[in-house]
Each structure stands twice: as C-alpha cells, then as structure tokens.
Amino acid sequence: MKRNAPVLLTAAAALTLSACGGGSLSGDESTSDAGGASGLTTLSVGIMPIVDTAPIWLGKEQGFFEAEGLDLDIQTTTGGAAAVPGVVSGDFDFAFGNVVSVMVANDKGLDIELVSNGNSTTGDTSSDFGAVVVPAGSDIQTAADLAGKTVSVNNLSNIGDTTIRKLVENAGGDQESIKFVEVAFPDAPAAIESGQVDAAWILDPFLTQTVENGARVIAYNFAETHPSLDISGYFTTSAYIQENPETVEKFTRAMKKSLEYAQENPDAVREIVGTYTKIDEEMRAKMVLPAFHADFDREGLTILGEAAASYGTLSKAPDLDAMLPAQD
C-alpha cells in the first residue's frame, strides 16, 4: 500500500533514524541527468564503504549500469540511520542495508522494498565472513554455552543478535539469558581482550585480524542459520518503484550482472575493495569474502524473519511477497 510522505517520515522517526535532508520522489522522465551531455539517468545510491558493497562498485567500473543508461552517484553512508530516511526523503533513489533493517522498517510502517540482493553467507560452517569469537582460554565451546553470557554485536535488535539467538536456541541453550551489548566491529577485539564481553560477533576484515591475534571461533552464525542466508540488499520505497518502473528494472538488471561478476571474480572484488576502503592488500588477500547471489533465497529469509519476530525484533513475521522482488 502506497503511503504519503508524512506517514513515511513519522515512521522513520519512530525508528529513531535521522533524515538526511529534503528531497522528493520523482518520475522516470524527471530522474534523468539535467546536465544532458551523457544522456544517462543519474541515480543517487547510498551505500556503506564495506566489502559487502563491492559488486556495485565493480558494476559501475565494468560499465553494467552505463549499458542500462544509468549513471550512479554513489554516496557513502554510515548505515541504516542515514540510508532508510535518505531513501524515504528522496535524497537517495536506492540504498544498501541489511535485510533485518529492511524488515524492521516495514514493521514500523515504512513501505520499503528490496530490489536487488547485496551479499550472502558463504554457507560454509567452517569458514564464513562473520562469526562469534571468544578468547583462546574461554570455557565457551559451543553456541549453547553463550547462555547467560555477555555478547557484543554492532547493533542491538538486528541481524547479529537474531542469528545468534537462533543458534543458541537450536543448540538447546537459553537464548533469553544472553546479555547483548552494542560494540562497533573495530572495537570488539579490545572488548574481548579486556574481558568487557565474554564473546563478540565480528565480520571480516576484523574477524581475520581477531583470530590471528588468538581469538577462537565458536560459531559462524550466518552460515549456521541457513546455508544460503542473504545478509543485505538494495532497497527503495514502494512509491519510487510505482513511479519509476523502468528505472528500477534497469537498476535491478545491472545489479544482477554486478553480483554475478563479483561471484565469478573474487580477485576483482579484493582489488576494488582497496579503492574505497582502507583495508590493506595483505588483509584483502586473507579475508573471507561473502557470497554474491543474483537472487534472494526466500527459505533463508523466512527462517530469519520468523526468528526476528519470535525474539521481539519484529512485531510479526515479515510479508516477504511485499518486501522482495518477483523472481522467475
């Protein structure tokens, strides 16, 4: 159901997200670059400068978007606190965020839809790009042992604690007894070493660094939740999709090519990550890359959404048919 701007922005405020400023949603014809020389439609895309977003950078470099008549104006964000209201206000045509953040936005009344996958677990329960780690001498051996412990995640009530709770519950542990605290990924290694937390959820490249410094992995929470779990995606408002169907189709086609290229060319992923992050060449060569799937895996997202609802992150299981693009 299409909502008007006041309702959307009120819902955004309920999410305690700060809007990025003014802007308006526009139709297909009016989104074209006013400069005119290139004849391309300029799209503003808000993304985080992390490994997960390598495909869109590669797609721009490889000309996949230009072939669709699109010119990407990539703007970096710090995460959903800027991306969701940026899309709602029209400052971004599309933005990147993890799938639980999109589920939460919809749960709060925002009509946000995913138009393209972003990245996914490798599905390898012995080596993934995200994991729960403990100090080398910890008595925590399995996910079930996290019951009653303090565990850090980068954001509370999101994809990290949801998947960890799911693992603990599956292992027969008391997920309700876990105390989750918010610690940014770069600060998590120190939090473990100092004893501030008993365990920490960390993503690469920080995961590889932490393990090299002596930490021990006890669970790969993404891969163990579902072997094809999708972690993130690119989204926009339902109103934008209705008003700009051709532009959305072009963006989605270009993103699919970008994801397929990234999956098939891991060396290119590692190389381009060095152009928009400060991850050095040695670490880029060692870190575990996410998988990049062209299509969403609905089974995995169903499991994730139902878990988020059962733990109170969502008021109810998400309507995936309304949130995800149709797939052949």
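Above this text you will find the structure in question.
Residues numbered from 1 in each chain as written. Predicted model: local features only at pLDDT ≥ 70, side-chain atom pairs only at ≥ 80, totals over all residues. Heavy atoms only, no water.

Caption draft 1: Structural detail: the nonpolar core. Membership of the largest hydrophobic core comes to 47 residues, with the highest contact counts inside it found for Leu146, Ile164, Trp201 and Phe235. Every residue in contact with Leu146, bar those within four places of it in the chain, is listed here: Val132, Ile140, Val151, Ile164, Val168, Ile178, Ala199 and Ile218. Listed in part, the 35 residues of the second largest apolar core include Ile56, Phe64, Leu259 and Ile272. (Core = buried A, V, L, I, M, F, W, Y, C linked by side-chain atoms within 4.5 Å. Buried < 20%, exposed > 50% of the residue type's maximum accessible area, 1.4 Å probe, protein only. Contact = heavy atoms within 4.5 Å.)

Caption draft 2: Structural view of the packing of aromatic side chains. On inspection of all chains with the given rule, the structure shows ten aromatic pairs. Grouping aromatic residues by their ring pairs yields a cluster made of Phe65, Phe94, Phe96, Tyr234, Tyr240 and Phe251. (Phe/Tyr/Trp six-rings, centres within 6.5 Å; stacked < 30°, edge-to-face > 60°.)

Caption draft 3: Here's a closer look at the pattern of salt bridges. Tallied over the full model, the rule gives six salt bridges. Its salt-bridge partner being Glu68, residue Arg253 comes within 2.9 Å of it at the nearest N-O pair. Residue Arg253 is located in helix α11 (residues 245–264), and its partner Glu68 is located in the loop between α3 (64–67) and β2 (70–76); the two are separated by 185 residues in the primary sequence. Looking at Arg253, the relative accessible area reads 39%, which means it is partly exposed. Residues joined by salt bridges that share partners form a network here, namely Glu212, Glu282 and Lys286. (Salt bridge = Lys/Arg side-chain N within 4 Å of Asp/Glu carboxyl O. Helix = DSSP H or I, 4+ residues; strand = E, 2+ residues; numbered from the N terminus.)

Caption draft 4: Structural context of the environment of Ile112. Relative to the elements of secondary structure, Ile112 occurs in strand β4 (residues 112–120). Taking the C-alpha atoms as reference, Ile112 lies 6.6 Å from Phe235; in sequence the two are 123 residues apart. Every residue in contact with Ile112, bar those within four places of it in the chain, is listed here: Val88, Val102, Ala105, Asn106, Phe235, Thr236, Thr237, Ser238 and Met323.

Caption draft 5: The side chain of Asn117, seen in detail. Its place among the elements puts Asn117 in strand β4. The class of Asn117 is buried, set by a relative accessible area of 0%. Among the polar contacts made by the side chain of Asn117, one reaches the side chain of Asp230 at a distance of 3.0 Å. Within the local environment of Asn117, its side chain forms a polar contact with the backbone oxygen of Asp295, the two atoms lying 3.1 Å apart. Not counting residues within four places of it along the chain, the set of residues in contact with Asn117 comprises Asp230, Ser232, Gly233, Tyr234, Met255, Leu259, His293, Ala294, Asp295 and Phe296. (Polar contact = N/O pair within 3.5 Å; in protein donor to acceptor, adjacent residues only side chain to side chain.)

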